[in-house]
Amino acid sequence: MMRAILLLSLTVLAACAVRAQVDYVDAPGGSVPGATLRTILVGTTRGPDPEQDVPGTDRAEEIRYGRYVVSIPDDRDSGEIPRQRTRQQADPREHFMLAGDEPLSAEAFRDALRAEIAQEPRSEREAVVFVHGFNNAFIEGVYRTAQLDYDLQMPGVMLHYSWPSLGAPLAYAHDRDSALFARDGLMQMLRQIRASGVTRITILAHSMGSQLTMETLRQMALMNDPVLRNVEGVILLSPDIDVELFRQQVRAMGDLPDLFVIVTSQRDRILTLSASMTGEAARLGNMTDPGAVADLDLTVIDVSAFARGAGHFTMGSSPELNRLLAQMNASLEDEVSGRVPLLPAAFLTLQNTGQVILTPFNEIQEDLTGSGGSTGRPAVLPWWLRRMVIDDEPDATQAPSEGAASDDR
């Protein structure tokens, strides 16, 4: 059994690992032909990398800050982070690269964030902090943050907290200890964000980074840290957390932020492996029964239908979900105005559990038109999506009724 686990670790985990090598591109005049530049502010508790001028894998007791300019190729699929192969020269038209990096003092970090926030619309002056997961090189987390910011069109300013993962597929125990080690650093970064004048903070955490996030928030709650009141949103992507431990963390936190979302997938092979290593049936991110957290004030989003490969970062890497999330804010406005947004997926809500299941649009179409096998789930669709699926144009002179927006079909 252990041998099988090790083989699966090498074949599955290593396949999704990103190389630690950093490749630079010149950006004269602040532009790169065939690419788009994104600036990412970073806080990290990683020590220096002896081989290149970026943080490495060692643990550092003091948090450091920096500004990184990421070059994103224009010609790529949404959700993808293309990198060059071994012995292949990086090309900014095809690969993610760095167009600049700069260490920042705490004061300079606050000033830089303040300047970034000032460029945002007043309604979107918030900070979104991405916390990476297990088996992560420093540059991977920076690139992933830039990709999420670009593809999902996240509101506000997106930042990255990089904790000292070893970046090795068999270093699970090391990374779990490093995640606990990095709690104080994340807390310090949140304090600096608030000190810059930002009053609304959302944390977007992936995998083992979710464990780090929950432990940090629990610690801040026990300390009565006032910054915790500024954390208005927490989104846990494929959280690698024991369900019972999660419930204890929530209990210590008390009231959860208004926006608290758990993104799960029952096709997550990495969390299946993690559960087998810990002797559990499932982790929080691949639980089969959302009833285990149904009494908590949160929402569970199941993205199993979109999972591909290892299925461990579906929300960030699926092109369909990327397009859906990128249009989410506009869609809410469109529903009010009467326009019909062209979304590739639909919300299916199970009202009794607070669970939301995202299902590919073609499957919803089959359910509602009878052109294919039913998913067996109750479809609670907004009026504009029902109109798209069943091709039933309502009277343009009549506004959709509330009942029409939530009618089961």
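Residues numbered from 1 in each chain as written. Predicted model: local features only at pLDDT ≥ 70, side-chain atom pairs only at ≥ 80, totals over all residues. Heavy atoms only, no water.

J.: Describe the overall build of the chain, listing the residues and the values that go with them.
T.: Within the chain, the secondary structure is distributed over 14 helices and 11 strands. A total of 409 residues make up the chain; the buried ones form 53% of that total. In the structure as shown, the chain presents an accessible area of about 18,900 Å², 47% of it carried by carbon and sulfur atoms. (Helix = DSSP H or I, 4+ residues; strand = E, 2+ residues; numbered from the N terminus. Buried < 20%, exposed > 50% of the residue type's maximum accessible area, 1.4 Å probe, protein only. Areas by Shrake-Rupley, 256 points an atom, 1.4 Å probe, with all protein chains shown as cover.)

J.: Can you lay out the packing of aromatic side chains for me, pointing to particular residues and giving the numbers?
T.: For the structure on display, the rule yields 5 aromatic pairs. Here Tyr68 and Phe138 contribute two aromatic rings whose centre-to-centre distance is 5.3 Å and whose plane-to-plane angle is 65°, an arrangement assigned as edge-to-face. Here Phe138 lies in helix α3 (residues 138–152) and Tyr68 lies in strand β2 (residues 55–73), a separation of 70 residues in the sequence. Residue classification places Phe138 among the buried positions, given a relative accessible area of 3%. (Phe/Tyr/Trp six-rings, centres within 6.5 Å; stacked < 30°, edge-to-face > 60°.)

J.: Just give me the short version of the packing of helix α2 (residues 106–118) against helix α5 (residues 183–195), but keep the residues and values in it.
T.: Taken N-terminus to C-terminus, the directions of α2 and α5 make an angle of 55°; their axes are 9 Å apart at the nearest point. Viewed along their axes, α2 and α5 adopt a mutual orientation that is oblique. In the packing of α2 onto α5, the handedness of the crossing is right-handed. Contact residues: α2 offers Ala106, Phe109, Arg110, Leu113 and Arg114, while α5 offers Met189, Gln192, Ile193 and Ala195. In terms of residue class, the contact of α2 with α5 is built from 6 nonpolar, 1 polar and 2 charged. (Axes fitted to C-alpha atoms, helices over the stretch in contact; angles between N-to-C directions. Parallel < 35°, antiparallel > 145°, perpendicular 65-115°, else oblique. Left-handed = near helix turned anticlockwise from the far one by under 90°. Contact = heavy atoms within 4.5 Å. Nonpolar A, V, L, I, M, F, W, Y, C, P; charged D, E, K, R; others polar.)

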